[in-house]
Amino acid sequence: MTPILRATLALVGVLTAALPLLWLTAPAPNRVEPLPPTAATKTKQVNASLYFSGEPIKITLFHEADEIAVFHAPKTPCHFALELPMVDTTEIEYEVEWPENTPGMKGVTLYLEPDGLESQAQTMWSMPEDTKLYDIFYFKW
């Protein structure tokens, strides 16, 4: 047998042995599990209080990009009720605007009291030179 024939047969043997390795080491195919049909998300009424410093021009609260409460030029803390989904975490976006001449740091606190769950409060502050505050309150029960 010639050396070229031996080398060719050895190469064929190595390639033949490698083919099952390629199949065994290939990544598993992605299987997409169908999601079970979801029922409409149940909501729960949550008592809320909004406290703030200074005299804001406007306070707006959002949940999942939907406007859920708006207060124009509030002078005292606001107490109201919200309909929120019954989940273990809730994100509430807010936007607060103060007049240009409001001195010092400005803050806003949102206090939530869901029935059967622990009450929680979140507070955010802005710098003295800021007239708008936009952020997200994160609540986890």
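Data block above holds the structure.
Residues numbered from 1 in each chain as written. Predicted model: local features only at pLDDT ≥ 70, side-chain atom pairs only at ≥ 80, totals over all residues. Heavy atoms only, no water.

Draft legend 1. Here's a closer look at the sheet that holds strand β6 (residues 106-114). Strands sit in the order β4-β1-β6-β7 across an open sheet of four strands; the sheet is antiparallel. A strand with exactly one partner marks an edge of an open sheet, and here the two such strands are β4 (78-85) and β7 (120-126). Across this sheet, the average inter-strand angle for adjacent strands is 25°, counted without regard to direction. (Pairing = 2+ DSSP bridges. Helix = DSSP H or I, 4+ residues; strand = E, 2+ residues; numbered from the N terminus. Axes fitted to C-alpha atoms, helices over the stretch in contact; angles between N-to-C directions.)

Draft legend 2. Spatial organisation of the sheet that holds strand β3 (residues 66-72). Here four strands make up an open sheet; going across it, the order is β3-β2-β5-β8 and the pairing antiparallel. Strand pairing shows two members of the sheet lacking a second neighbour, β3 and β8 (132-140), which therefore form its edges. Going across the sheet, the axis of each strand differs from the next one's by a mean of 20°, ignoring polarity. Judged from the six bridges that link them, strand β2 (residues 58-63) and β3 form a sheet pairing that is antiparallel.

Draft legend 3. Summary view of the side chain of K106. By secondary structure assignment, the location of K106 is in strand β6. Put simply, K106 is tucked away with no salt bridge, and the nearest opposite charge, on D130, sits 7.2 Å away. A polar contact of 2.9 Å, which involves the side chain of K106, links it to the backbone oxygen of G104. (Buried < 20%, exposed > 50% of the residue type's maximum accessible area, 1.4 Å probe, protein only. Lys, Arg positive; Asp, Glu negative; His and termini not counted. Salt bridge = Lys/Arg side-chain N within 4 Å of Asp/Glu carboxyl O. Polar contact = N/O pair within 3.5 Å; in protein donor to acceptor, adjacent residues only side chain to side chain.)

Draft legend 4. Representation of the pattern of salt bridges in the model. By the definition in use, this model includes one salt bridge. The closest approach of N and O atoms between K75 and E55, which form a salt bridge, is 3.3 Å. Of this pair, K75 sits in the loop between β3 and β4 while E55 sits in the loop between β1 (43-52) and β2; the two residues are 20 residues apart in sequence, bridging distant segments of the chain. A residue is classified by how much of its surface remains accessible, and K75, at 58% relative accessible area, is exposed. Taking relative accessible area as the criterion, E55 reaches 46% and is therefore assigned partly exposed.

Draft legend 5. Geometry of the nonpolar core. If you look at the biggest cluster of nonpolar residues, it comprises 22 residues, and the most contacted ones within it are L50, F80, V108, L110 and L112. Residue assignment for this core shows that the elements contributing at least two residues are β1, β2, β3, β4, β5 (89-97), β6 and β8. Ignoring anything within four residues of it in the chain, the contact list for L50 reads I59, F71, P77, C78, F80, V108, T109 and L110. (Core = buried A, V, L, I, M, F, W, Y, C linked by side-chain atoms within 4.5 Å. Contact = heavy atoms within 4.5 Å.)

Draft legend 6. Structural view of the environment of V46. Inspection of the secondary structure assignment puts V46 in strand β1. With a relative accessible area of 4%, V46 lands in the buried category. With 95 residues separating them in the primary sequence, V46 and W141 have C-alpha atoms 13 Å apart. With residues up to four places along the chain from it excluded, the contact list for V46 reads F80, A81, L82, L84, L112, E113 and P114.

Draft legend 7. Quick peek at the packing of aromatic side chains. Here the structure, examined in full by the defined rule, presents four aromatic pairs. Ring geometry for F139 versus W141: centroids 6.0 Å apart, planes at 15°, classification stacked. Assessed through its relative accessible area of 1%, F139 is described here as buried. Joined through ring pairs, the aromatic side chains of Y94, F137, F139 and W141 make up one cluster. (Phe/Tyr/Trp six-rings, centres within 6.5 Å; stacked < 30°, edge-to-face > 60°.)

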